[in-house]
Amino acid sequence: MKTDDQIIMGIETSCDETAVAIIKNGREILSNVVASQIESHKRFGGVVPEIASRHHLEEITIVIEEALNQAGVSFKEIDAIAVTEGPGLVGALLIGVNAAKALSFAHNIPLIGVHHIAGHIYANRILTEFKFPLLSLVVSGGHTELVLMEEHGEYKVIGETRDDAVGEAYDKVARSLQLPYPGGPHIDRLAHEGEATIKLPRAWLEDGSYDFSFSGLKSAVINTLHNAEQRGEKIEPKDLAASFQESVIDVLVTKTRRATEEFKVKQLLLAGGVAANKGLRKKLEENYSDSEVELVIPPLSLCTDNAAMIAAVGSIMFEKGKRSNYRLNGNPGLDLENS
Ligand code: KG4
Ligand code: ZN
């Protein structure tokens with residue numbers, strides 16, 4: 001039976017987590033189920049697209065049922081189904097998009113395609129209501145962006161990476177240190193045990209730019225390891241991890257602080273898988289302790305890929321009257337500003 005409450009189902013299958021969530025009135029999580037495939041991809045040192053699609057296919061109906069059961073909700077009560085449309089792996093996206101289309105058609109429920117990064121940003125709205133203008137620092141395996149928002153559902157990318165995403169750089173550096181996939185959490189842990197004694201570059205780019213670049217830093221780490229090996233010297237992985245992490249955080253926090261001041265934002269939201277990084281969380285907290293800007297940092301469960309964040313975007317789009325039709329498709333190159 002329909003109530004006055006708005007109930008949205010979110011579906012996320014863009015990478016290596018099959019996730020379904022149900023949220024109430026845009027901010028209250030009724031269920032948030034995530035089936036991770038990390039164990040299956042670990043032995044290959046990264047996500048294998050073909051394997052990801054197969055796992056999504058095996059898991060999706062089970063995860064949908066589990067999300068409904070945990071929430072104690074039936075399809076009759078659901079106002080809209082929001083699904084990640086892109087960006088991501090096309091074969092992986094298609095599983096979620098097709099599941100959402102089938103459910104939408106069978107139960108006559110509106111369908112809403114959502115941008116994955118909008119999802120990471122809206123994970124923060126589950127914690128606190130947005131105050132505009134706001135800035136999001138989006139740091140994930142595929143994206144590194146500063147996104148300015150003047151109102152719900154409107155995104156302006158003021159800076160982005162010109163090469164590697166932060167998470168990608170973390171994973172590649174971890175790989176060069178023979179750490180398991182995904183490497184980010186391992187580097188983060190090692191960084192806390194080591195000292196930042198190795199000099200590594202920081203790519204500030206041209207004056208005033210909010211863009212980022214991490215491939216030079218990543219190469220510098222790999223070169224440092226090779227050179228030491230050739231000279232028969234030993235480099236402490238924990239010191240290298242600490243030096244790498246310090247360089248990444250220094251650039252991210254400095255540019256973000258400058259942007260929050262220039263655009264006079266009320267809130268700074270941290271978003272994406274790398275938002276789980278303890279060093280980054282701590283540095284931002286220290287940096288904003290003297291600022292009027294409200295810093296919002298999601299709990300770890302909402303930083304990595306999940307479907308509650310997709311449902312949270314769906315809630316706002318539903319209110320704004322946005323709907324997708326059955327031509328909705330997986331779109332690996334979906335643009336945030338036009339989503
Ligand atoms: O947002 P996400 O779950 O997936 C994408 O949409 O890309 O982000 C995954 C990325 C991986 O590169 C992973 O290594 C990184 O987030 N990550 C971390 C930490 N936890 C996850 N990077 C640094 N420190 C962490 N603690
Ligand atoms: Zn993500």
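See the structure above.
Scope of this entry: the structure provided in the associated data block. Just so we're clear, the structure is a prediction, and the values are computed from it rather than from any experiment. Here the residue numbering is sequential within each chain, running from 1 through the sequence in written order. In the order they appear in the text, chains get letters beginning with A and ligands get numbers beginning with 1. Totals for whole chains, interfaces and linings use all residues, but because this is a predicted model, local features are given only for residues with pLDDT of at least 70 and pairs of side-chain atoms are given and counted only at 80 or more. Each side-chain value is worked out from all heavy atoms of the structure, with water and hydrogens disregarded.

## Brief notes about the nonpolar core
Alright, step 1. The definition of a nonpolar core used throughout is a set of buried Ala, Val, Leu, Ile, Met, Phe, Trp, Tyr and Cys residues joined through side-chain atoms within 4.5 Å. In this scheme, a residue with accessible area under 20% of its type's maximum is buried, one over 50% is exposed, and one in between is partly exposed, where area comes from a 1.4 Å probe on protein chains only. Judged by nonpolar contacts, the single largest core of 44 residues is most densely connected at Phe 244 and Leu 252.
Alright, step 2. Sorting elements by how many residues they give to this core places helix H8 (residues 237-262) first, with ten residues.
Alright, step 3. Any two residues having at least one pair of non-hydrogen atoms within 4.5 Å are treated as being in contact. Residues within four places of Leu 252 in sequence aside, it is in contact with Leu 137, Val 139, Thr 144, Val 166, Phe 212, Phe 214 and Leu 280.
Alright, step 4. Judged by nonpolar contacts, the second largest core, of 35 residues, contains Ile 8, Leu 302, Met 309 and Ala 312. Per the convention used, a helix needs a DSSP run of H or I reaching at least four residues, while a strand needs a run of E reaching at least two, with both numbered from the N terminus.

## A closer look at the sheet that holds strand S4 (residues 80-86)
Alright, step 1. Read from one edge of the open sheet, five strands run S3-S2-S1-S4-S5, paired in mixed fashion. Sheet topology places strand S3 (28-36) and strand S5 (111-115) at the edges, where each strand pairs with a single neighbour. Put simply, the sheet's adjacent strands are angled 20° from each other on average, direction ignored.
Alright, step 2. Taken together, the four bridges between strand S1 (residues 7-12) and S4 define a ladder with parallel strand orientation. Bridging from a neighbouring strand, Ile 11 pairs with Val 83 of S4.
Alright, step 3. Running at roughly 155° to S4, helix H3 (residues 90-107) makes contact with S1, S4 and S5 of the sheet. Two strands pair if DSSP finds at least two bridges between them. Throughout, an axis means a line fitted to C-alpha atoms (over the contacting stretch in the case of helices), and angles, computed between N-to-C directions, take values from 0 to 180 degrees.

## Digging into the site of ligand 1
Alright, step 1. Near is defined per residue: the residue qualifies when any heavy atom it owns lies within 4 Å of the molecule or strand. Around ligand 1 there are 19 residues in total, and Gly 141, Asp 171, Asp 188, Gly 273 and Asn 277 lie nearest to it.
Alright, step 2. Whenever two N or O atoms come within 3.5 Å, that pair is a polar contact, provided that in protein one can donate a hydrogen and the other can accept it, and provided that, for residues adjacent in sequence, both atoms are side-chain atoms. The separation between an oxygen atom of ligand 1 and a polar side-chain atom of His 120 is 3.1 Å.
Alright, step 3. Within the backbone of Gly 273, one N or O atom sits 2.9 Å away from an oxygen atom of ligand 1.
Alright, step 4. Among the secondary structure elements, those contributing two or more residues to the shell around ligand 1 are helix H4 (116-122), helix H5 (166-176) and helix H6 (184-193).
Alright, step 5. Counted by class, the shell around ligand 1 contains five nonpolar, eleven polar and three charged residues. The classification used treats Ala, Val, Leu, Ile, Met, Phe, Trp, Tyr, Cys and Pro as nonpolar, Asp, Glu, Lys and Arg as charged, and all other residues, Gly among them, as polar.

## Considering the coordination of the zinc ion (ligand 2)
Alright, step 1. Coordinating donors are taken as N, O and S atoms within 2.8 Å of the metal, stretched to 3.2 Å for Na, K and Ca; because water is absent from the atoms, sites can appear incomplete. The zinc ion (ligand 2) binds to the protein through His 116 (NE2), His 120 (NE2) and Asp 305 (OD); the donor distances cover 2.0 to 2.1 Å.
Alright, step 2. Along the chain, the residues donating to the zinc ion (ligand 2) fall in the pattern H-x3-H-x184-D. Linking His 116 with His 120, this pair stays in helix H4, spanning four residues, or about one helical turn.
Alright, step 3. Given a relative accessible area of 7%, His 116 falls into the buried group.

## What to know about the packing of aromatic side chains
Think of a pair of aromatic rings as described by two things: how far the centres are apart, and how the planes are tilted against each other in angle.
Alright, step 1. Note on aromatic contacts: the rings of Phe and Tyr and the six-membered ring of Trp form a pair at centre separations within 6.5 Å, being stacked when their planes are under 30 degrees apart, edge-to-face when over 60 apart, and tilted otherwise. For the coordinates displayed, the defined rule picks out six aromatic pairs.
Alright, step 2. Note on Tyr 170 and Phe 244: the rings are 4.9 Å apart at their centroids and 75° apart in plane angle, and the pair reads as edge-to-face. Of the two residues, Tyr 170 sits in helix H5 while Phe 244 sits in helix H8, which places them 74 residues apart along the sequence.
Alright, step 3. Among the residues examined, Tyr 170 registers a relative accessible area of 3% and is labelled buried.

## Remarks on the side chain of Ser 104
Alright, step 1. Turning to its location among the elements, Ser 104 is positioned in helix H3.
Alright, step 2. A relative accessible area of 1% places Ser 104 in the buried class.
Alright, step 3. Discounting chain neighbours no more than four positions away, the residues touching Ser 104 are Ile 81, Ile 109, Pro 110, Leu 111 and Tyr 326.

## A word on the side chain of Ser 213
Alright, step 1. Among the secondary structure elements, Ser 213 is positioned in the loop between H6 and helix H7 (215-230).
Alright, step 2. Of the residues examined, Ser 213 reaches a relative accessible area of 17% and is grouped as buried.
Alright, step 3. Side chain to side chain, Ser 213 and Asp 163 meet in a polar contact 2.7 Å long.
Alright, step 4. Leaving out residues up to four positions away in the same chain, Ser 213 has contacts with Thr 161, Asp 163, Ala 203 and Leu 205.

## Some words on the packing of helix H2 (residues 49-71) against H3
Alright, step 1. Relative to each other, H2 and H3 sit at 30°, their axes nearing to 9 Å. Relative to H3, the element H2 lies roughly parallel. In terms of crossing hand, the pair formed by H2 and H3 is right-handed. Between H2 and H3, the contacting residues are Ser 53, His 56, Leu 57, Ile 60 and Ile 64 on the first element and Gly 91, Ala 92, Ile 95, Ala 99 and Leu 103 on the second.
Alright, step 2. Here the contact of H2 with H3 is composed, by residue class, of seven nonpolar, three polar and no charged. Note on terminology: angles under 35 degrees are roughly parallel, angles over 145 are roughly antiparallel, angles of 65 to 115 are roughly perpendicular, and the others are oblique. Each crossing gets its hand from how the near helix is turned against the far one by less than a right angle, where anticlockwise is left-handed and clockwise is right-handed.

## Let's talk about the sheet that holds strand S8 (residues 156-160)
Alright, step 1. Strand order across the open sheet formed by five strands is S8-S7-S6-S9-S10, with mixed pairing between neighbours. The open sheet has two edge strands, S8 and strand S10 (294-296), and neither has a second partner. The average undirected angle you get between the axes of adjacent strands in this sheet is 20°.
Alright, step 2. For strand S6 (residues 134-139) and strand S9 (residues 267-271), the ladder comprises five bridges, and the chain directions are parallel. What sits directly across from Ser 136, in S9, is Leu 269.

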